[in-house]
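# Observations on the three-dimensional arrangement
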Amino acid sequence: MAATKFLALVAQTIIQHPQMVGDELDEATHERMQQRAEHLSQEMTRLLQELEQRSQEQMLQELEQRSQEQSGLAWGALLFAALQQWQLWAIAGVLVLLCGLCWWLRKRSHEPDSSSEEESSSSDREQVEEEEEEEEDNDDANDLGRFFEEHIQWPVQNLATECQAVKELLGNFILVFQQLLSNSFFPLPQPPIGVGSAFEGWSPREKDIVYRLLVPLKPPRGHAFHLELGTAGEMPARNFCVRVELVCTCMSERLAGEMLCFLHHPEEELRRNQDPSLLRTLCTSSYLDVQKTARWFHQLVKAAWVVLPQSSTCCLTVLPSSRSCKYQVTKSDNKSLITEMIFGVQQGNSHIFVSSQTTEAIFTPSTMWPETYAVAEANFFSHMARQAPHDSFHLKCLQLCARILVGTSFSTYTVKTVVMHLLTTIPLSGWRRKHLLLRLQDIMRYLRCCLEEKRLDHFFLGNERVPEEISLPPDFRTLEPLNLFQCLAQDPAAHAEALREFVELRDRLTRLLIYGR
């Protein structure tokens, strides 16, 4: 287009300004032709530049078009390659899935038991969940236990708070005892252990509750305790004697120089320079005397009370007791708490002790220490409380049955033993509030069967159902079970009386459930 314009301009110049051949030009004409020639030269230069610029733009457009064509070809090739790659990965994924399926089928065919166990466990879980949901739905509709809980007049108690107060007071006593006896040859009291119905949470009494604590005794320096089992013919229960033995302390004497050896120093020197041994103070012959120990504890309590902070606001009264230390603390508001300290010697590292507690026998020698299971029982009920549902009524069942025993020959320990046996045979989930009537019926049925058979086995002796959390001496689980109804087997009249009293107990329980008291 620029070349066409250039040729047209040249033609126009030639046509409009023809050259006169053979004629001489004047000066003015010559000047105009010179200017015209310069103008044409400038116009030609501009046209040439425009032509060059146009040609460059045309070349750039052609290059861009070619590059777009080439990029289109490149993207097509790339998409085609990606398509081929996707097909490859899809085939590889299918192969991996097939291999995994084959491996799983082979593993399942080799482990049928584990799969069946998983199926059974999952079905069990589903069944338990369904049962729990059904129980929750039916609790409000079928919970007779709620009715009896509100209907029965339960004793007004504050056992937890009062037990804590009693234990703190006796703990302060023990601290003072230990300071007073640190350099003596008397038994060393250890921290007390709460035992009995009050500390177990089922005391049937509303007033005059006796809070019992067992105080373990350790032998003093230069002494050792040895437990000797009494003969089987003396009493039906297991009874022990605590033999006190002197121990050589020559080695510690040379190292510390605090005491003289009772075995290897003359009596005159010992009498002159050292307090008497335990054998000369609280023993009869070579055995620890329960009654002497009880009198000694009474003196300790009186001496320690004046330094306790409670003495400024409370009044202490020591109560008579030949085989324990019993006292009453009365507060400023005239409320009183009765505490009984029984003394015990531990059997190894177990929960079984020999203690100073009284027995059912008419006469108990002062050197006789009956075997007590009170600490093991307290630990058993604590273990059951941790395992049982939050609304468990096993203690309420025991409390109700203990209330109807007043005036009969049945002891609370009999009913307590029955309940402990049932707690290890009936699942704890069956002791909830709504099962109250069923469990009371089981307790009475179990007691009736024992009366008919004249046999009630001791819970801890020879019982393999005792939880492992209860520490027992090594031979306890293999011993012959002790029959707590041995007296009924030996006395037909006592057996007949027990059967008659059982009918009375059943009637009392029925009236208690109907009238609430």
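In the block above lies the structure referred to throughout.
Residues numbered from 1 in each chain as written. Predicted model: local features only at pLDDT ≥ 70, side-chain atom pairs only at ≥ 80, totals over all residues. Heavy atoms only, no water.

## Regarding helix α9 (residues 290–305)
Between its terminal C-alpha atoms α9 stretches 22 Å, which fits the 22 Å expected from 16 residues at 1.5 Å a residue. Considered for burial, the residues of α9 that qualify are Val290, Thr293, Ala294, Trp296, Phe297, His298, Leu300, Val301, Ala304 and Trp305. Capping of α9 at its N-terminal end is provided by aspartate 289; its side-chain oxygen lies 2.9 Å from the backbone amide nitrogen of glutamine 291. (Helix = DSSP H or I, 4+ residues; strand = E, 2+ residues; numbered from the N terminus. Expected span 1.5 Å × (residues − 1). Buried < 20%, exposed > 50% of the residue type's maximum accessible area, 1.4 Å probe, protein only. Polar contact = N/O pair within 3.5 Å; in protein donor to acceptor, adjacent residues only side chain to side chain.)

## Considering the pattern of salt bridges
Per the counting criterion, the structure on display carries 17 salt bridges. Where lysine 416 meets glutamate 200, a salt bridge forms, and the shortest distance between an N and an O atom there is 2.9 Å. Of this pair, lysine 416 sits in helix α12 (residues 412–423) while glutamate 200 sits in helix α6 (residues 196–200), placing them 216 residues apart in sequence. Assessed through its relative accessible area of 7%, glutamate 200 is described here as buried. Notably, a salt bridge pairs arginine 432 with aspartate 391, separated by 3.2 Å at the nearest N-O pair. (Salt bridge = Lys/Arg side-chain N within 4 Å of Asp/Glu carboxyl O.)

## Topic: the pairing of strand β8 (residues 315–319)
Here β8 pairs with strand β9 (residues 325–330) via five bridges, running antiparallel. Bridge pairing links cysteine 315 to threonine 330 in β9. Taking the residues between adjacent antiparallel strands as the criterion, β8 and β9 are bridged by five residues. (Pairing = 2+ DSSP bridges.)

## With respect to unusual backbone geometry
For serine 285, which is not glycine, the phi torsion reads 60° and is therefore positive. By secondary structure assignment, the location of serine 285 is in the loop between β6 (283–284) and β7 (287–288). With a relative accessible area of 64%, serine 285 lands in the exposed category. You will see that lysine 454, though not glycine, has its phi angle at about 55°, which is positive. Take lysine 454: its relative accessible area is 30%, and that puts it in the partly exposed class.

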